Amino acid sequence: MRYHNITKDDMLNGDGLRVVLWVSGCSHCCRECHNPITWDPNGGLLFDAAAKQELFQELEKDFISGITLSGGDPLYFANRADILRLVREIKGKFPQKTVWLYTGFVWEAVEGLEIMKYVDVLVDGEFQIAQKDTQLHWRGSANQRVINVPASRAAGEAVLYCR
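Let us look at the structure shown here. (Residues numbered from 1 in each chain as written. Predicted model: local features only at pLDDT ≥ 70, side-chain atom pairs only at ≥ 80, totals over all residues. Heavy atoms only, no water.)

With respect to the overall build of the protein
For step 1, the next point in the chain: Along the backbone of the protein there are four helices and seven strands.
For step 2, the next point in the chain: Element order for the protein, N to C, with α for helix and β for strand: β-β-β-α-β-α-β-α-β-β-α.
For step 3, the next point in the chain: Relative to the 2.2 N^0.38 estimate, which gives 15 Å for 163 residues, the radius of gyration of the protein is 15 Å and therefore close to what a compact globule would have.
For step 4, the next point in the chain: Looking at the protein residue by residue over its 163 residues, the buried ones come to 47%.
For step 5, the next point in the chain: When contacts within the protein are restricted to residue pairs at least 6 apart in sequence, those whose partners lie at least 24 apart make up 58%.
For step 6, the next point in the chain: Put simply, the protein shows about 8000 Å² of open surface, and 51% of that area lies on carbon and sulfur atoms.
For step 7, the next point in the chain: In the protein, 18 positive and 21 negative side-chain charges are present, and the distance between their average locations comes to 2 Å. (Helix = DSSP H or I, 4+ residues; strand = E, 2+ residues; numbered from the N terminus. Rg over C-alpha atoms; globule rule 2.2 N^0.38 Å. Buried < 20%, exposed > 50% of the residue type's maximum accessible area, 1.4 Å probe, protein only. Contact = heavy atoms within 4.5 Å. Areas by Shrake-Rupley, 256 points an atom, 1.4 Å probe, with all protein chains shown as cover. Lys, Arg positive; Asp, Glu negative; His and termini not counted. Charge placed at Lys NZ, Arg CZ, Asp CG, Glu CD.)

Points about the packing of helix 1 (residues 49-59) against helix 2 (residues 80-93)
When two helices pack together, their arrangement is given by the angle between their axes and by how far apart the axes lie.
For step 1, the next point in the chain: Remark: helix 1 packs on helix 2, axes separated minimally by 12 Å, with the N-to-C direction vectors making an angle of 30 degrees. With respect to helix 2, the axis of helix 1 lies roughly parallel. As helix 1 runs across helix 2, the sense of the crossing is right-handed. From helix 1, Lys 52, Leu 55, Phe 56 and Leu 59 reach across to helix 2, where they touch Leu 86, Glu 89, Ile 90 and Lys 93.
For step 2, the next point in the chain: Split into classes, the residues belonging to the contact of helix 1 with helix 2 amount to five nonpolar, no polar and three charged. (Axes fitted to C-alpha atoms, helices over the stretch in contact; angles between N-to-C directions. Parallel < 35°, antiparallel > 145°, perpendicular 65-115°, else oblique. Left-handed = near helix turned anticlockwise from the far one by under 90°. Nonpolar A, V, L, I, M, F, W, Y, C, P; charged D, E, K, R; others polar.)

Structural notes on the sheet that holds strand 7 (residues 145-148)
For step 1, the next point in the chain: Strand order across the open sheet formed by seven strands is 3-1-2-4-5-6-7, with mixed pairing between neighbours. The sheet terminates laterally at strand 3 (45-46) and strand 7, the two strands that pair on one side only.
For step 2, the next point in the chain: As paired elements, strand 4 (residues 66-71) and strand 5 (residues 98-102) share four bridges and run parallel to each other. Considered in strand 5, the bridge of Leu 69 is made with Leu 101.
For step 3, the next point in the chain: The sheet contacts of helix 1 involve strand 1 (2-10), strand 2 (18-23) and strand 4, and relative to strand 1 the element is tilted by about 15 degrees.
For step 4, the next point in the chain: Each of strand 2, strand 4 and strand 5 is contacted by helix 2, which is oriented at about 160 degrees to strand 5, the strand it contacts most. (Pairing = 2+ DSSP bridges.)

Without other data, these values stay purely geometric and don't point to any function.
Below, the structure written as structure tokens:
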């Protein structure tokens, strides 16, 4: 897996103070995406042991609420196995930290993936410029949903985290 950046002390990409991993690779290529540099799966840097250690050092801090996975798309097909391993390890070491994941896929297409066992909040759906709304929390367009994953798994349907 490759990544473009690790953002520390982020308050825009999820609830609380977070660390954000911006992965490389996206097949959605949404018009007017805020981060098109991350589309190329071969772009950025190799996610190696040093990058993982950087993430874990941030997650060790009491004031960090959790990690947000964005990009690109963490659920880009070539990223899925690496993201699953990473999130499984994070939840094992830091069970009190929340995992947020941004994807262009909709909940109904990814709800059965094993990774959803470890994700707390999913922001789903492609960014759509025609539905852009800068007043929304944690999302760029009105078609996107902020989904409470554990509640959704229990209910068998998407349960919103917020509106």
